[in-house]
Amino acid sequence: MDFQKELEREFDAEVKRTRKVLDAIPEGADFGWKPHEKSMTLGRLAGHVTDFAGDWGLHTLTLDKLEFAADHKWEQYVPESKAALLEKFDREHAAVRAALAATTPEKWDQHWKFIFGGQAWIDQPRLQVWREMVMSHLAHHRAQLGVYIRILGAKLPGTYGPSADEM
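If you're wondering where the values come from, they're calculated on a predicted model, not measured in any experiment. (Residues numbered from 1 in each chain as written. Predicted model: local features only at pLDDT ≥ 70, side-chain atom pairs only at ≥ 80, totals over all residues. Heavy atoms only, no water.)

Enquirer: Is there a simple way to explain the overall build of the protein in this structure?
Expert: The helix and strand tally for the protein stands at six helices and three strands. Moving toward the C terminus, one meets the helices and strands of the protein in the order α-α-α-β-α-α-β-β-α. Taking 15 Å as the expected radius of gyration for a compact globule of 167 residues, we find that the protein reaches 17 Å, a close match to that expectation. Its C-alpha atoms give the protein principal-axis dimensions of about 45 × 45 × 25 Å. Within the protein, buried positions represent 40% of all 167 residues. Of all intrachain contacts in the protein linking residues separated by at least 6 positions in sequence, the fraction that spans at least 24 positions is 73%. Here the protein has roughly 9,200 Å² of accessible surface; of this, 55% comes from carbon and sulfur atoms. Across the protein, the 22 positively charged side chains and the 26 negatively charged ones have centroids separated by 3 Å. (Helix = DSSP H or I, 4+ residues; strand = E, 2+ residues; numbered from the N terminus. Rg over C-alpha atoms; globule rule 2.2 N^0.38 Å. Buried < 20%, exposed > 50% of the residue type's maximum accessible area, 1.4 Å probe, protein only. Contact = heavy atoms within 4.5 Å. Areas by Shrake-Rupley, 256 points an atom, 1.4 Å probe, with all protein chains shown as cover. Lys, Arg positive; Asp, Glu negative; His and termini not counted. Charge placed at Lys NZ, Arg CZ, Asp CG, Glu CD.)

Enquirer: Teacher, can you tell me more about the environment of Gln76 here?
Expert: Within the secondary structure, Gln76 is located in the loop between strand S1 (65–68) and helix H4 (82–102). Counting along the chain gives 28 residues from Gln76 to His48, while the straight-line C-alpha distance between them is 7.5 Å. When near neighbours in sequence (up to four residues on either side) are disregarded, Gln76 contacts Arg44, Gly47, His48 and Asp51. Separated by 3.4 Å, the side chains of Gln76 and Trp74 make a polar contact. (Polar contact = N/O pair within 3.5 Å; in protein donor to acceptor, adjacent residues only side chain to side chain.)

Enquirer: What is the right way to look at the nonpolar core in this model?
Expert: As a rule of thumb, soluble globular proteins bury nonpolar side chains together. Residues Phe11, Leu22, Ile25, Trp56, Trp130, Leu145 and Ile149 are the most contacted members of the largest nonpolar core, which totals 39 residues. Listing elements by their share of this core, those giving two or more residues are helix H1 (3–23), helix H2 (42–52), helix H3 (55–62), S1, H4, strand S2 (111–116) and helix H6 (126–151). The leading source of residues in this core is H6, at eight residues. Excluding anything up to four places from it in sequence, Leu145 contacts Val21, Leu22, Ile25, Leu42, Leu45, Ala46 and Val49. (Core = buried A, V, L, I, M, F, W, Y, C linked by side-chain atoms within 4.5 Å.)

This is the structure we're talking about:
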């Protein structure tokens with residue numbers, strides 16, 4: 001088994017599934033809507049989903065650490081429209097795919113760090129960060145987005161098989 005090819009195949013499949021879910025967001029949906037006071041808005045959640053196949057994935061593969069000062073204020077991407085969201089997703093996942101293909105076996109064993117305010121929040125082998133904080137995190141938030149889409153009354157596409165809307 002070619003381990004690298006399997007990681008690439010998995011990424012390609014998850015990107016395809018994610019693109020379908022992002023595309024299911026109803027046209028003209030209010031990106032400021034949220035289903036509960038403690039929930040992210042639709043726009044923030046959709047933007048967050050794009051980050052895993054975008055910036056977060058790229059940083060995991062191309063940097064050895066991501067470090068921010070304690071006073072750093074993260075500006076979460078919130079799309080202005082569904083079209084802008086899909087354009088960003090399509091553009092950024094292509095760069096991550098190229099970086100993934102260029103990742104060497106030795107690089108997977110190297111530790112990757114996320115440091116905020118001088119404290120290491122993540123210090124794990126790059127492969128573990130990729131699997132947990134990129135791929136699994138992507139699937140987790142994509143599923144949350146699916147709930148939002150369902151609540152908004154839109155049809156939900158299947159991801160690992162047909163959805164109730166496709167049967």
